[in-house]
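Spelled out, the chains give:
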Amino acid sequence: PETITIQELANRMSERAVDVIRLLMKQGQIHKITDVIDSDTAQLIAEEMGHTVRRVAESDVEEGLTSDEPDLEEDLDPRPPVVTIMGHVDHGKTSLLDAIRAANVVEGEAGGITQHIGAYQVAAPSGDLVTFIDTPGHAAFTSMRARGAKVTDIVVIVVAADDGVMPQTVEAIQHAKAAGVPMIIAINKIDKPDANPQRVRTELLQHDIQVESMGGETLEFEVSAKTGEGLPELLEGLQLQAEILNLRANEKRDGEGTVIEAQLDRGRGPVATVLVQRGTLFTGDIVVAGAEWGRIRALIDDTGKHVPYAGPSVPVEVLGFNGTPDAGDRVIVVPNEARAREVTEYRARIKRERLNARTGGANRSLVDMMR
Ligand code: GTP
Ligand code: MG
């Protein structure tokens, strides 16, 4: 249901918040200025104070932004699986991706700790593409999931064979389970002398994960990011899992996707890494993402190349936003700037109200107001 803070309601009526609070009190409701009331109560109060109410529902502004109509069967084409790499700190997530990608991401990172999510596409031995998302620990994934963003088709849980199942391994498992996403286990660092993959399997059992070699259904692979051992098998396993999922998308519609990460770059302005999920994004498109919008000035792929468009399961850097969107924000193409402004101004207001409700004037109690 729609809500509004007492302060915002008062502002919009150009009334004093204290008068709103008094009226509510007469009706037996005790409130302070930062409290949130539902829209029906707000309407009653407004009318009682002699105002005409015009309710603009979220659905009116957001209406038609995306088509809820399912795509036609004939418009659907296979798309690469989106695979998120998760696991405990230092268990080798970035190294693994790096080895798969045969590039060198780890060395470029400050202290070898992942600064932000990287998203890349690589070709499996079959030639088919796989999209990988690397997560720092799993904070970003957690926040995205908390915001209802579903980006990943498969989760690879990386467990270091010399360290075993650790607290963040367990959390990663729980996230994957809660999201209903299939898991594949990569037992990493098997090149190490003290590697004990069997112990990892037993520990996983304690968390209700029965791997294939122990009669279960969860695919597991012994790998080494250092030597490259087991990596082709892991990729094949991912392909196999992807085939079962039968992942398809319509690339012939307007682009839609999710912001994986975003930051303000000194030279380039706001830069958002976007995973395209349906349709195709083109340079020149006008897009909204959360409370921000922009005309796409450039699309840059995972190798740093400028590209004219990006289709389903493709991660791209999007340049041209007027502000920096948040990870997890949905990216949607709109027909024109006026529409983009309407949507983002509305969302910015909602965002402000929510923030005010939580933080603004929290110390001003009802008693203070009545003085
Ligand atoms: P965070 O992003 O900080 O959570 O770490 P991560 O999981 O990405 O780990 P990262 O890839 O940074 O690797 C951590 C350390 O383990 C590095 O020093 C790697 O060189 C080392 N390492 C990773 N994989 C292997 C492996 O297969 N064998 C050996 N011997 N060392 C590895
Ligand atoms: Mg890392």
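First things first, this report covers the structure right here in the doc.

The rules we used
Sequence order sets the numbering: in each chain, residues are counted from 1 along the sequence as written. Whichever chain is written first becomes A and whichever ligand is written first becomes 1, with later ones labelled in order. For a predicted model such as this one, the threshold for reporting local features is a pLDDT of at least 70, and the threshold for listing and counting side-chain atom pairs is 80 or more; totals across whole chains, interfaces and linings nevertheless cover every residue. Heavy atoms from the whole structure form the basis of all side-chain values; hydrogens and water molecules are not counted. Only DSSP runs of H or I with at least four residues qualify as helices, and only runs of E with at least two residues qualify as strands; both kinds are numbered from the N terminus onward. Burial classification: accessible surface area is computed with a 1.4 Å probe over protein chains only, and a residue below 20% of its type maximum counts as buried, one above 50% as exposed, and the rest as partly exposed. In this analysis, two residues are considered to be in contact whenever any of their non-hydrogen atoms come within 4.5 Å of each other. Under the convention used here, a 1.4 Å probe and the Shrake-Rupley method define accessible areas, while residue burial counts only the protein chains that appear. Residue types Ala, Val, Leu, Ile, Met, Phe, Trp, Tyr and Cys, when buried and joined through side-chain atoms within 4.5 Å, form a set referred to as a nonpolar core. Each helix should span, by expectation, one fewer than its residue count multiplied by 1.5 Å. Polar contacts here mean pairs of N or O atoms no more than 3.5 Å apart (in protein, one a potential hydrogen donor and the other a potential acceptor; neighbouring residues in sequence count only if both atoms are side-chain atoms). Between rings of Phe, Tyr and Trp, where Trp is taken as its six-membered ring, a pair exists when centres lie within 6.5 Å; planes separated by under 30 degrees are stacked, by over 60 edge-to-face, and by other angles tilted. The arc under discussion is defined with respect to the helix axis, by the directions toward the C-beta atoms. By convention in these notes, a salt bridge is any Lys or Arg side-chain nitrogen within 4 Å of a carboxyl oxygen on Asp or Glu. Only strands joined by at least two bridges in the DSSP assignment are considered to pair. Here the axes come from fitting lines to C-alpha atoms, over the contacting stretch only for helices, and the angles between their N-to-C directions go from 0 to 180 degrees. Roughly parallel refers to an angle under 35 degrees, roughly antiparallel to one over 145, roughly perpendicular to one between 65 and 115, and oblique to any angle outside these ranges. Any residue outside Ala, Val, Leu, Ile, Met, Phe, Trp, Tyr, Cys, Pro, Asp, Glu, Lys and Arg is labelled polar, Gly included; the first ten of those are nonpolar and the last four are charged.

**Quick look at the overall build of the protein**
Okay, so step 1: Of regular secondary structure, the protein possesses eleven helices and 19 strands.
Okay, so step 2: By residue count, 50% of the 371 residues in the protein fall in the buried class.
Okay, so step 3: Sequence-distant contacts in the protein: of pairs separated by 6 or more residues, those separated by 24 or more amount to 72%.
Okay, so step 4: Accessible area for the protein stands at about 18,200 Å²; split by element, carbon and sulfur atoms hold 49% of it.

**A short note on the nonpolar core**
Okay, so step 1: Grouped together as the largest cluster of nonpolar side chains are 25 residues, with contacts concentrated most on F132, V156, I184, L234, L235 and L238.
Okay, so step 2: Every element with two or more residues in this core is listed here: strand 4 (82-87), helix 5 (93-101), strand 5 (118-123), strand 6 (129-134), strand 7 (154-160), strand 8 (183-188) and helix 9 (231-245).
Okay, so step 3: Sorting elements by how many residues they give to this core places helix 9 first, with five residues.
Okay, so step 4: Beyond its immediate stretch of four places on either side in the chain, L238 contacts V83, F132, I154, V156 and I184.
Okay, so step 5: Ranked by size, the runner-up nonpolar core spans 19 residues in total, among them M86, I173, A176 and I209.

**Let's talk about helix 9**
Okay, so step 1: Over its 15 residues, helix 9 extends 21 Å from the first C-alpha to the last, a length consistent with the 21 Å expected when each residue adds 1.5 Å.
Okay, so step 2: The set of residues buried in helix 9 consists of L231, L234, L235, G237, L238, Q239, Q241 and A242.

**Points about the side chain of R79**
Okay, so step 1: With respect to the element layout, R79 can be found in the loop between strand 3 (76-78) and strand 4.
Okay, so step 2: Separated by 3.2 Å, the side chains of R79 and S313 make a polar contact.

**Let's talk about the packing of aromatic side chains**
Okay, so step 1: Scanning all chains against the criterion turns up one aromatic pair.
Okay, so step 2: Judged by centre distance (5.7 Å) and plane angle (50 degrees), the ring pair of F282 and Y309 falls under tilted. With F282 in strand 13 (residues 281-282) and Y309 in strand 17 (residues 309-310), the pair connects residues that are 27 residues apart, well separated along the chain.

**Looking at helix 8 (residues 197-205)**
Since there are 3.6 residues in each turn of an α-helix, residues three or four apart along the chain are aligned in direction.
Okay, so step 1: Among the residues making up helix 8, those that are buried are P197, V200, R201, E203 and L204. Looking straight down helix 8, one finds that the buried residues subtend no more than 165 degrees of arc, so they occupy a single side.
Okay, so step 2: Where helix 8 is buried, its residues touch strand 7, helix 7 (167-179), strand 8 and strand 9 (220-222).

**A few points about the side chain of S224**
Okay, so step 1: Along the chain, S224 turns up in the loop between strand 9 and helix 9.
Okay, so step 2: Polar contacts involving the side chain of S224 include one to the main-chain amide nitrogen of K226, which spans 3.1 Å.

**Quick look at the pattern of salt bridges**
Okay, so step 1: Applying the stated criterion across every chain, the model contains 23 salt bridges.
Okay, so step 2: Residue E203 is joined to R199 by a salt bridge in which the shortest nitrogen-to-oxygen separation is 3.4 Å. Taken together, the residues E203 and R199, both in helix 8 and four residues apart, mark about one turn of the helix.
Okay, so step 3: A residue is classified by how much of its surface remains accessible, and E203, at 19% relative accessible area, is buried.
Okay, so step 4: A salt bridge links R330 to E256, with the nearest nitrogen and oxygen atoms 3.0 Å apart. Placement of the pair is R330 in strand 19 (residues 330-334) and E256 in strand 11 (residues 256-265), with a sequence separation of 74 residues.
Okay, so step 5: Assessed through its relative accessible area of 33%, R330 is described here as partly exposed.
Okay, so step 6: A residue is classified by how much of its surface remains accessible, and E256, at 4% relative accessible area, is buried.
Okay, so step 7: What emerges from the salt-bridge pattern is a single network uniting D71, R253, E256, R278 and R330.

**Some details on the sheet that holds strand 6**
In a beta sheet, neighbouring strands pair by backbone hydrogen bonds and run either parallel or antiparallel.
Okay, so step 1: Taken in spatial order, the six strands make up an open sheet running 5-6-4-7-8-9, and their pairing is mixed. Only two strands of the sheet have a single neighbouring strand rather than two, namely strand 5 and strand 9. If you compare each strand with its neighbour and ignore which way they point, the axes differ by 25 degrees on average.
Okay, so step 2: As paired strands, strand 8 and strand 9 are joined by three bridges and run parallel to one another. Looking at strand 9, one finds that I185 is bridged to E220.
Okay, so step 3: Lying on the sheet, helix 7 is in contact with strand 4, strand 7 and strand 8; it crosses strand 7 at an angle near 165 degrees.

**Quick look at the packing of helix 2 (residues 17-26) against helix 3 (residues 39-48)**
Okay, so step 1: Two elements in contact, helix 2 and helix 3, have axes separated by 11 Å at closest approach and are oriented at 105 degrees. With respect to helix 3, the axis of helix 2 lies roughly perpendicular. Taking contact as the criterion, the partners of V20, L23 and L24 in helix 2 are, on helix 3, T41, I45 and E48.
Okay, so step 2: Tallied by class, the residues present in the contact of helix 2 with helix 3 amount to four nonpolar, one polar and one charged.

**Let's talk about the environment of Q198**
Okay, so step 1: With respect to the helices and strands, the residue Q198 is situated in helix 8.
Okay, so step 2: Taking the relative accessible area as the measure of exposure, Q198 reaches 41% and is therefore partly exposed.
Okay, so step 3: For Q198 and I187, which are eleven residues apart along the polypeptide, the C-alpha to C-alpha distance reads 9.6 Å.

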